[in-house]
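One letter stands for each residue in the lines below.
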Amino acid sequence: MPKKVVLAYSGGLDTSIIIPWLKENYGCEVIAMIGDLGQREDLEAARNKALATGASAAYVEDLREEFITGYIWPTLRAGAVYEHKYLLGTSFARPLLAQRQVHLAKKVGADALAHGCTGKGNDQVRFELAAKALAPELKIIAPWREWKIASREEAIAYARAHSVPVEQTTKNIYSRDRNIWHLSHEGGPLEDPANAPEESMWQWVASPAIAPDQPASVEIAFDNGIPVALNGKPLSPVALLDQLNDIAAANGVGRMEMIENRLVGIKSRGAYETPGGTLLIMAHRELESLTLDRETLHYQQLLSLRYAEMVYYGMWFTPLRESLDAFFVSSQRRVTGTVGLALCKGIVGVTSRRSPHSLYRTNLASFTMTGYNPKDAEGFINLFALPITVPQEWAAESAPIAQEADAQVNAR
C-alpha cells in the first residue's frame with residue numbers, strides 16, 4: 001500500500017472526489033499537484049479546496065511558458081492535427097502535467113501517483129506512459145479503474161455525500177478541460193451524434209451570429225516556424241497566444257466538434273474551442289506554402305500525421321518523437337516571415353504572405369511567357385509520360401502476335 005500519493009489535481013469533479021476516496025481506501029497521505037496551463041481559473045481556490053477536502057499539501061505550478069515553448073510550439077511547427085480537425089489541446093498538456101507530477105513526487109518522497117482519468121479515455125494512457133518513461137518505480141493509482149462509481153451522476157452523488165463542492169450538476173454534466181490553447185467539452189447531450197451542440201455549452205468563442213460585422217485583421221510573424229510577433233510587435237509566447245485568443249474568440253473563430261477515434265478503440269464525440277490556435281495553424285500552413293519546396297512540403301505532411309498520432313497517443317517521451325522534432329527543426333529553417341489574416345463572423349481569410357525565403361517567382365508564375373522556355377515542357381511531358389506510353393506501345397506491338405496465337409488455338 002502506498003504511503004504518500006501525488007495526485008494530478010484540477011479541482012474538477014473527478015479529481016475532487018479522488019482525495020477522500022484515496023484516504024478512505026488506501027489510508028495514504030495525498031498531495032495535490034495543480035498545473036497552471038493558462039486555464040483562466042482561480043487556482044488558489046482550487047488549492048484551498050484540495051486542502052479542505054483532505055490533501056495534506058497542495059502545490060500550484062506555473063507551467064504556461066514551458067507549456068507553450070516546449071509542447072505547443074513544437075506541435076505547431078510539425079503541423080500536427082489529429083484526424084483533420086483536432087488541434088491536440090488536451091493531448092500535449094498531459095505529458096507536461098505528468099512530468100511535473102513525477103518531479104514533485106521525487107521532491108516530497110512520494111511512492112505513488114494518481115490521476116482522475118476514466119478507464120475509457122485517452123488521458124489515462126498519456127499520464128501513465130509519461131510516468132513510466134520518467135519514473136517507472138512509482139506506483140500508479142487510477143481510481144476510475146478501481147472504484148464502483150460508474151457514471152458522472154454517481155460521482156456527483158459521491159461528492160455530495162462527502163461534502164465535496166463541485167460545479168457539475170445532473171443538468172450541467174459536461175466534462176471540460178481548459179488551458180491557454182483550447183477548451184474541450186465532452187459528455188451530456190454530445191454523447192448522441194445526432195444532437196447539435198447546445199449554444200449554452202460554448203463558453204469561450206462567441207457565436208458567429210453575434211460576432212462583430214466589421215472584419216478584424218492580424219499579422220503573425222514566424223521565425224523558423226515559431227510564432228514571435230503579432231501585428232509587428234514582438235511578444236512573449238504567453239502574451240502572443242493570449243492576444244490571439246482574445247481576437248479570434250471575439251470574432252467567432254475557433255469552434256469545432258467531431259467524432260474522433262480514441263486510442264483505446266472507442267469512437268467519441270467532442271467539441272473544442274481553439275481560437276488563437278486556429279489562427280496559428282492556418283498562418284503557419286500558409287507560410288509553409290510560400291517557403292517550402294514541393295518535395296519537403298509533401299513529405300512533411302506524412303510526418304505531420306505521424307507526429308499528431310504520437311501526441312494523441314501520449315507518446316511524447318519517446319525516441320521517435322524526438323527524432324521527428326529534429327526533422328521539423330531542419331525543415332522549418334525557411335519558414336520565416338509574416339502572414340496576414342482577416343477574421344469575420346467565424347470565417348478566416350488570408351490577406352498576405354511575405355518571407356525573405358519565398359520560393360514564389362512572379363516571372364515564372366505569371367501568364368507572361370518570360371524567364372521560361374515553354375518548349376522545355378514538351379520534352380518534360382514526353383519523359384514524364386513514359387510509364388504511361390510504354391505499356392500502350394507494348395500492347396499495340398504484341399496484339400498481332402496474340403491474335404495469331406489465338407487463331408492457331410481455335411484452328412485446333
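Relevant structure appears above.
Procedures and definitions
Residues numbered from 1 in each chain as written. Predicted model: local features only at pLDDT ≥ 70, side-chain atom pairs only at ≥ 80, totals over all residues. Heavy atoms only, no water. 1 Å grid on protein atoms, 1.4 Å probe; cavity = no way out; pocket = protein on both sides within 12 Å on 5 of 7 lines; lining within 4 Å. Points joined across faces, edges and corners; volume = space filled by probe spheres on them. Helix = DSSP H or I, 4+ residues; strand = E, 2+ residues; numbered from the N terminus. Pairing = 2+ DSSP bridges. Contact = heavy atoms within 4.5 Å. Axes fitted to C-alpha atoms, helices over the stretch in contact; angles between N-to-C directions. Nonpolar A, V, L, I, M, F, W, Y, C, P; charged D, E, K, R; others polar.

Chemist: Which parts of the structure should I look at to understand the layout of surface pockets?
Modeler: Unfilled space is identified by rolling a water-sized probe across the atoms. Size it by volume and the second largest pocket reaches roughly 380 Å³. Lining the second largest pocket are 16 residues, and of these G79, R285, Q301, S304 and L305 lie nearest its centre. Every element with two or more residues in the lining of the second largest pocket is listed here: α8 (275-291) and α9 (294-312). A total of 6 residues in the lining of the second largest pocket trace back to one element, the largest contributor, which is α8.

Chemist: Help me understand the sheet that holds strand β10 (residues 233-234), please; the structure alone is not making it clear to me.
Modeler: Picture the strands of a sheet paired through backbone hydrogen bonds; they go either parallel or antiparallel. With respect to topology, 5 strands assemble into an open sheet ordered β10-β9-β8-β13-β14, the strand pairing being antiparallel. The outermost strands of the open sheet, each flanked by one partner alone, are β10 and β14 (347-354). Both strand β8 (residues 216-223) and strand β13 (residues 337-344) contribute to a ladder of 7 bridges, which runs antiparallel. The residue of β13 that forms the bridge with A216 is L343. Most of the contacts of α8 go to β14, to which it runs at about 35 degrees, and overall it touches β8, β9 (226-230), β13 and β14.

Chemist: I would appreciate a short explanation of the sheet that holds strand β5 (residues 139-141) in the present structure.
Modeler: Taken in spatial order, the 5 strands of this open sheet run β3-β2-β1-β4-β5, and their pairing is parallel. Bordering the open sheet on either side are β3 (57-62) and β5, each of which pairs with just one other strand. Each strand axis lies, on average, 25 degrees off the axis of its neighbour in the sheet, ignoring direction. Examined bridge by bridge, strand β4 (residues 112-114) and β5 share 3 bridges and lie parallel to one another. By the bridge assignment for β5, A114 is matched with I141. Packing of helix α4 (residues 93-108) onto the sheet brings it into contact with β1 (4-8), β2 (29-36), β3 and β4, and relative to β2 it is tilted by some 140 degrees.

Chemist: How should empty space enclosed by the protein be read in this particular structure?
Modeler: If you walk through the whole model with that rule in mind, you get 2 cavities of 30 Å³ or more. Considered as a void within the structure, the largest cavity measures approximately 50 Å³ in volume. Around the largest cavity sit Q101, L113, A114, H115, F127, E128, A131 and I140, which together line it. Those elements that place two or more of their residues in the lining of the largest cavity are β4 and α5 (123-134). It is α5 that contributes the most residues to the lining of the largest cavity, 3 residues altogether. Residue composition of the lining of the largest cavity, grouped by class: 5 nonpolar, 2 polar and 1 charged.

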